[in-house]
Amino acid sequence: MVSREVDGLPGGRRRRPYYRLSPRDNRTRGEGRAAASFTRHAQGKAGECHIVARTTKQDQVRELQRTLYRAAKADPKRRFHALHDKVYRSDVLERAWELVRANHGAAGIDRQTIADVEEYGIAKFLDELAADLRNGSYRMLPARRVFIPKPGRPDEQRPLSIPAVCDRVVQAATKIVIEPIFEADMLECSFGFRPKRSAHDALQVLLDESWRGARWIAESDVADCFEAIPHSGLMTAIEERITDRRVLKLLRAMLRAGVMQDGAIRRSISGTPQGGVISPCLCNVYLTRLDRQWETRGQGKLLRYADDLLAICHTRQDAENALEALTVILAEMGLELKQAKTRIVQLREGGEGVDFLGFHHRYVRGNTPRSRHLAFLVRWPSRQAMGHARQRIREITDRSRLKVPVEVIVRDLNRFLHGWAGYFRYGNSAQFFNKIMLHAYRRLAGFIAKRHKQRKRYGFWVLAHTPDRFGLISLNGTIIAPRPNRPWRQGS
């Protein structure tokens with residue numbers, strides 16, 4: 001644990017030294033006010049949220065972020081030259097560690113896990129990490145490349161890069177420092193991986209624009225966005241705001257670290273490997289160029305959630321012009337649209353809909369006496385989202401878990417259903433919630449029957465005669481239907 005030895009790297013085995021360092025406080029002018037957190041919580045597995053405790057040092061991190069944001073917002077042409085000492089501040093590294101630990105990530109190529117760090121000593125680990133950063137001896141390791149099936153498309157594989165725990169902490173610390181600066185430059189059309197912005201904010205814009213008559217949609221996304229972003233263009237975008245040479249060197253090291261796949265290290269001149277802590281932030285920094293160009297060259301209203309794109313227009317000609325503008329602008333940036341997902345859709349009664357951010361959106365007419373004179377946009381979980389939910393329920397109630405107590409199975413079901421419904425409840429999803437609950441009920445009944453080597457009707461009998469169905473939650477009454485020109489959390 002004291003040293004990192006890695007096989008397969010050029011030059012054989014390499015040992016990374018660690019040094020002890022007493023914490024030092026590097027403060028920026030103007031850190032006098034309390035600040036809102038740029039990272040309110042860290043998302044854990046199965047929908048759990050691990051709230052970061054509010055301590056004095058973490059308040060100082062918020063103050064630092066607020067100070068950097070205000071300075072960048074006040075002067076759009078300002079370039080920051082003294083940031084490196086903020087990255088290895090003890091409070092910043094502590095916050096970075098909390099975020100990495102809360103995410104429960106796997107080990108990188110050095111096989112060092114979160115539990116290994118905790119056993120070694122978190123304070124000692126962070127002090128030595130700060131020393132390496134301070135004296136410039138820190139070296140990034142290649143990320144471990146794995147492939148995971150895409151949600152709803154098990155025949156397609158998504159490359160995922162898993163950095164070492166140390167590298168994830170450094171990436172998180174760097175992100176804490178640079179994110180507020182670039183956040184000040186980002187535009188209203190961008191919603192993905194940004195503080196205090198969510199997918200539901202983007203969905204509300206789509207609903208509002210359709211209510212105002214914009215019902216032609218140019219739909220697409222950026223092909224292999226995380227793997228295709230050119231390093232040269234990305235660093236040019238970063239250097240528009242940051243001139244600290246040591247921070248720029250650290251960012252270049254992150255980009256050039258490469259990935260290890262099948263025992264071989266591969267390095268490229270493009271890409272921010274998907275799976276890195278800082279990758280979504282760097283992706284947004286680069287795609288902000290698209291947002292800026294759209295203001296003068298685009299047609300209609302652009303919605304961008306990371307690399308997912310929608311252009312909302314009033315006419316078909318506007319939608320065609322929007323697609324042409326997207327193609328040209330992205331080509332100038334070294335990117336391209338994914339042709340398989342590029343199309344133009346008209347949102348009209350009886351017409352086809354569009355899938356965006358997990359929801360299927362369709363234009364329908366009201367089916368009640370009070371709403372039959374109205375046609376409006378509704379949304380519900382897409383076919384892929386429903387397929388993913390059913391697959392996850394099948395995994396939880398699989399026969400391979402027959403020795404697991406029913407109470408544990410129900411707890412796992414509740415955890416998944418609570419997280420899944422927490423996102424899709426903001427829609428017209430009542431019928432689809434009923435389908436998912438019926439599927440969960442049937443699978444649980446079948447699990448109980450198999451556990452007792454009985455027919456399935458036995459499982460239904462047990463559930464029917466158990467007052468609380470072993471604690472299985474119900475999704476009835478949880479729907480909040482969205483309404484145009486109204487905050488999405490309020491709904492109807």
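The model shown is predicted, which means the values in this text are computed figures rather than measured ones.

Thresholds, definitions, all that
- Residues numbered from 1 in each chain as written.
- Predicted model: local features only at pLDDT ≥ 70, side-chain atom pairs only at ≥ 80, totals over all residues.
- Heavy atoms only, no water.
- Helix = DSSP H or I, 4+ residues; strand = E, 2+ residues; numbered from the N terminus.
- Buried < 20%, exposed > 50% of the residue type's maximum accessible area, 1.4 Å probe, protein only.
- Contact = heavy atoms within 4.5 Å.
- Areas by Shrake-Rupley, 256 points an atom, 1.4 Å probe, with all protein chains shown as cover.
- Phe/Tyr/Trp six-rings, centres within 6.5 Å; stacked < 30°, edge-to-face > 60°.
- Lys NZ or Arg CZ within 6 Å of the ring centre and 35° of its normal.
- Pairing = 2+ DSSP bridges.
- Axes fitted to C-alpha atoms, helices over the stretch in contact; angles between N-to-C directions.
- Parallel < 35°, antiparallel > 145°, perpendicular 65-115°, else oblique.
- Left-handed = near helix turned anticlockwise from the far one by under 90°.
- Nonpolar A, V, L, I, M, F, W, Y, C, P; charged D, E, K, R; others polar.
- Core = buried A, V, L, I, M, F, W, Y, C linked by side-chain atoms within 4.5 Å.
- Salt bridge = Lys/Arg side-chain N within 4 Å of Asp/Glu carboxyl O.
- Patch = residues over 30% accessible without salt bridge, like charges linked within 9 Å, V, L, I, M, F, W, Y side chains within 5 Å.
- Lys, Arg positive; Asp, Glu negative; His and termini not counted.
- Charge placed at Lys NZ, Arg CZ, Asp CG, Glu CD.

Undergrad: Run through the overall build of the protein chain, naming residues and quoting values.
TA: Each helix and strand counted, the protein chain has 16 helices and 15 strands in total. Here the protein chain holds 492 residues, and the buried ones make up 50% of them. Residue pairs at least 24 apart in sequence account for 71% of intrachain contacts in the protein chain once pairs closer than 6 positions are excluded. Carbon and sulfur atoms form 49% of the exposed surface of the protein chain, whose accessible area is close to 24100 Å².

Undergrad: Residue-level account of the packing of aromatic side chains, with values.
TA: Within this structure, the stated rule accounts for 10 aromatic pairs. Judged by centre distance (4.9 Å) and plane angle (40°), the rings of W420 and F424 are tilted. Taken together, the positions of W420 and F424, both in helix α14 (residues 406-424) and 4 residues apart, correspond to about one turn of that helix. There is no split in this pair, since W420 and F424 are both buried. Note on Y423 and F424: the rings are 4.9 Å apart at their centroids and 90° apart in plane angle, and the pair reads as edge-to-face. Feature note: the residues F359, W420, Y423, F424 and F433 constitute an aromatic cluster, connected by ring pairs. R197 extends its terminal NZ or CZ atom over the ring of F191, reaching a point 4.3 Å from the ring centre.

Undergrad: Kindly report on the pairing of strand β11 (residues 308-313), identifying the contributing residues and their values.
TA: In regular strands, side chains alternate between the two faces of the sheet. For β11, the tally of buried residues reaches 5 of 6 residues, placing the bulk of the element in the interior. Of the pairings in the sheet, the one linking strand β10 (residues 301-305) to β11 comprises 5 bridges and is antiparallel in character. If you follow L303 over to β11, its bridge partner there is L310. In textbook terms, the turn of a hairpin is the stretch between consecutive antiparallel strands, and for β10 and β11 this stretch comprises 2 residues, one of which, A306, has a positive phi near 60°.

Undergrad: Can you break down the sheet that holds strand β13 (residues 354-356) residue by residue, with the values?
TA: With antiparallel pairing, the 3 strands of this open sheet are ordered in space as β13-β14-β15. Both outer strands of the open sheet, β13 and β15 (375-381), are each paired with one neighbouring strand and no more. Going across the sheet, the axis of each strand differs from the next one's by a mean of 35°, ignoring polarity. Pairing between β13 and strand β14 (residues 359-365): 3 bridges, direction antiparallel. Bridging from a neighbouring strand, F356 pairs with F359 of β14.

Undergrad: I'd like to hear about the packing of helix α3 (residues 90-102) against helix α5 (residues 122-135), residue by residue, with values.
TA: Running from N to C, α3 and α5 cross one another at 120°; their axes reach a closest spacing of 11 Å. The angle between α3 and α5 falls in the class oblique. Seen from above, α3 lies across α5 with right-handed handedness. Across the interface between the two elements, L93, E94, W97 and R101 from α3 touch I122, F125, L126, L129, A130 and L133 from α5. Partitioned by chemical class, the residues of the contact of α3 with α5 number 8 nonpolar, no polar and 2 charged.

Undergrad: An account of the nonpolar core is needed here, citing residue identities and associated values.
TA: With 82 residues, the main nonpolar core has L93, F125, V169 and I238 as its most contacted residues. A per-element tally of this core places helix α6 (residues 165-183) first, with 11 residues. Apart from residues lying up to four places away in sequence, V169 is in contact with L93, A96, W97, V100, F125, L126 and L129. Among the nonpolar cores identified, the runner-up in size contains 50 residues, and V354, M437, I448 and L475 belong to it.

Undergrad: Lay out the sheet that holds strand β12 (residues 343-346) with the relevant residues and their values.
TA: If you walk across this open sheet you meet the 4 strands as β10-β11-β7-β12, and the pairing is antiparallel. The sheet terminates laterally at β10 and β12, the two strands that pair on one side only. Recorded for the sheet is a direction-independent mean angle of 20° between the axes of neighbouring strands. Contacts from helix α7 (residues 199-211) reach β7 (216-221), β10 and β11 within the one sheet, and its direction differs from that of β10 by about 160°. Helix-sheet contacts for helix α11 (residues 279-297) involve β10 and β11, and the interaxial angle to β10 is about 175°.

Undergrad: Outline the environment of E295, listing residues and values.
TA: For E295, the position within the fold is in helix α11. When its relative accessible area of 62% is taken as the criterion, E295 is described as exposed. For the pair E295 and L187, spaced 108 residues apart in sequence, the C-alpha separation works out to 9.8 Å.

Undergrad: Residues and numbers for the environment of L126, please.
TA: Turning to its location among the elements, L126 is positioned in helix α5. Looking at L126, the relative accessible area reads 7%, which means it is buried. For the pair L126 and Y88, spaced 38 residues apart in sequence, the C-alpha separation works out to 8.9 Å. Residue contacts for L126: discarding those within four places in its chain leaves L93, E94, W97 and V169.

Undergrad: Just give me the short version of the pattern of salt bridges, but keep the residues and values in it.
TA: Counted under the stated rule, the structure contains 24 salt bridges. With its nearest N and O atoms 3.7 Å apart, the salt bridge here joins R145 to E227. Here R145, found in strand β5 (residues 143-150), pairs with E227, found in helix α8 (residues 225-228); they are 82 residues apart in sequence, far enough to count as distant. Here the salt bridges share partners, and the residues they tie into one network are E98, R101 and E118.

Undergrad: Now, about a positive patch on the surface: what can you tell me, with residues and values included?
TA: A contiguous patch of positive charge on the surface is contributed by R134, R139, R246 and K249. Residue R246 is classed as partly exposed on the basis of its relative accessible area, which comes to 39%.

Undergrad: Give me the lowdown on the side chain of H84, citing residues and values where you can.
TA: Here H84 is to be found in helix α2 (residues 84-87). Overall, the relative accessible area of 7% leaves H84 in the buried class. Those residues in contact with H84 that sit more than four places away from it in its chain are L133, R134, D244, R246 and V247.

Everything listed here is a matter of coordinates, which is why it stays silent on function.
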